[in-house]
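A closer look at the structure
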Amino acid sequence: MTVHRITETLALKLVDYSDANELFLLTDANRAHLRKWLPWLDETKSVEHTESFIHNTKLAYDEQKGMSFVILLDGNIVGTISYNQIDWTNKIAYIGYWLSKDQQGKGIMTKAAEYLTEYAFSTLNLNRVEITAAVENKKSRAIPERLGFKLEGMRRQAQWLYDHYVDHAIYGMLKNEWKEN
C-alpha cells in the first residue's frame, strides 16, 4: 500500500480494492453534488461499479498510463485525485479530482494537486502538468489558479454532462515554471 503523506492528517494512497466500499459510499452520499460536473455518476450505482473503476485504474497503473489515489483525511477517504493519463512520449500528466462537499474550502484539494504536480516533475521527470475543468466550475478552476498554472485556453463543448455540453478551461504548468513558484 503506497501512501504519500502530505501533512500530519492528509495523505494520498493508491486506490485499492479494499477502498471500494468506503469510496462507493462517499460517492453515493455526494451524488447530487458531484453530478453537476462529473459524467460518470449514473454508471456508479453499486460497490461493484466502484470495484470496476478500481480495476481499470490498476490496469492503467500497471501499464504506466495513469495513477489514481484516494485522498485520506485522518485516515478517511474524502475524495480522489489522479493522473488520469500520463503521456510519456510528450512527458505530460493530466490531473483530475473530486472532493466530498463537506470537505471543500479547507485547502485539501489544493495541497493534493500541489503534491501531484511536484511529484510529476521531481519523481516522474515529466515536463508538463495539465488540469482541465468546466468553465463554470469555479471551485475546481480555483485549484490550478492558486497553484500558479496558466490558463491556456478553452475547449468548446469538451464534455457531455447527461443532457448538455460544457466547455472546459485548460490550465498548464511547465516544469521550468514550477521551479519559479
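Residues numbered from 1 in each chain as written. Predicted model: local features only at pLDDT ≥ 70, side-chain atom pairs only at ≥ 80, totals over all residues. Heavy atoms only, no water.

In this section: the overall build of the protein chain. In terms of helices and strands, the protein chain carries six helices and eight strands. Principal-axis analysis of the C-alpha atoms gives the protein chain an extent of 45 × 40 × 35 Å. When each of the 181 residues of the protein chain is scored for burial, the buried share is 48%. Taking the contacts inside the protein chain whose residues are at least 6 apart along the sequence as the reference set, 60% of them involve residues at least 24 apart. (Helix = DSSP H or I, 4+ residues; strand = E, 2+ residues; numbered from the N terminus. Buried < 20%, exposed > 50% of the residue type's maximum accessible area, 1.4 Å probe, protein only. Contact = heavy atoms within 4.5 Å.)

The subject of this paragraph is the UniProt feature "domain: N-acetyltransferase" (unreviewed entry) in the protein chain. With numbering aligned to this structure, UniProt lists the feature "domain: N-acetyltransferase" (unreviewed entry) at residues 24-177. Helix makes up 35% of residues 24-177 and strand 37%, with an end-to-end C-alpha separation of 37 Å. (UniProt positions renumbered as here; feature names shortened; annotations may be inferred.)

Moving on: helix 4 (residues 108-122). When the terminal C-alpha atoms of helix 4 are compared, their 21 Å separation across 15 residues agrees well with the 21 Å that a helix rising 1.5 Å per residue should span. Considered for burial, the residues of helix 4 that qualify are Ile-108, Met-109, Thr-110, Ala-112, Ala-113, Leu-116, Thr-117, Tyr-119, Ala-120 and Phe-121. (Expected span 1.5 Å × (residues − 1).)

Attention shifts here to the nonpolar core. Of all hydrophobic cores here, the largest spans 34 residues; its most connected members are Met-67, Ile-71, Ile-81, Tyr-83, Ile-95, Met-109 and Phe-149. Of all the secondary-structure elements, those providing two or more residues to this core are strand 2 (10-14), strand 3 (67-73), strand 4 (76-87), strand 5 (92-99), helix 4, strand 6 (128-134) and strand 8 (164-174). Sequence-distant contacts of Ile-81, that is, excluding residues within four places in its chain, are made with Leu-12, Met-67, Ser-68, Phe-69, Ile-71, Ile-95, Gly-96, Tyr-97, Met-109, Ala-112, Ala-113 and Leu-116. (Core = buried A, V, L, I, M, F, W, Y, C linked by side-chain atoms within 4.5 Å.)

For the rest of this paragraph, the subject is the packing of aromatic side chains. The final tally for this structure, using the stated rule, is four aromatic pairs. Ring geometry for Trp-40 and Trp-98: centres 6.3 Å apart, planes at 50°, overall tilted. Remark: Trp-98 occurs in strand 5 and Trp-40 occurs in the loop between helix 2 (31-35) and helix 3 (47-62); sequence separation between them is 58 residues. Taking relative accessible area as the criterion, Trp-40 reaches 29% and is therefore assigned partly exposed. An angle of 50° between the planes, with centres 6.2 Å apart, marks the rings of Phe-121 and Trp-178 as tilted. A residue pair is termed long-range when its members are at least 10 positions apart, and Phe-121 in helix 4 and Trp-178 in helix 6 (residues 175-178) qualify at 57 residues. Take Phe-121 and Trp-178: they sit in the same class, and that class is buried. Over the ring of Tyr-162 we find Arg-35, and its NZ or CZ is 3.6 Å from the ring centre. (Phe/Tyr/Trp six-rings, centres within 6.5 Å; stacked < 30°, edge-to-face > 60°. Lys NZ or Arg CZ within 6 Å of the ring centre and 35° of its normal.)

One non-glycine residue with positive phi stands out, namely Gln-157, at about 45°. Topologically, Gln-157 is positioned in strand 7 (residues 150-161). Residue class for Gln-157 comes out exposed when judged on its relative accessible area of 52%. A positive phi angle is found at Tyr-162, which is not glycine, with a value near 70°. You can call Tyr-162 partly exposed: its relative accessible area is 22%.

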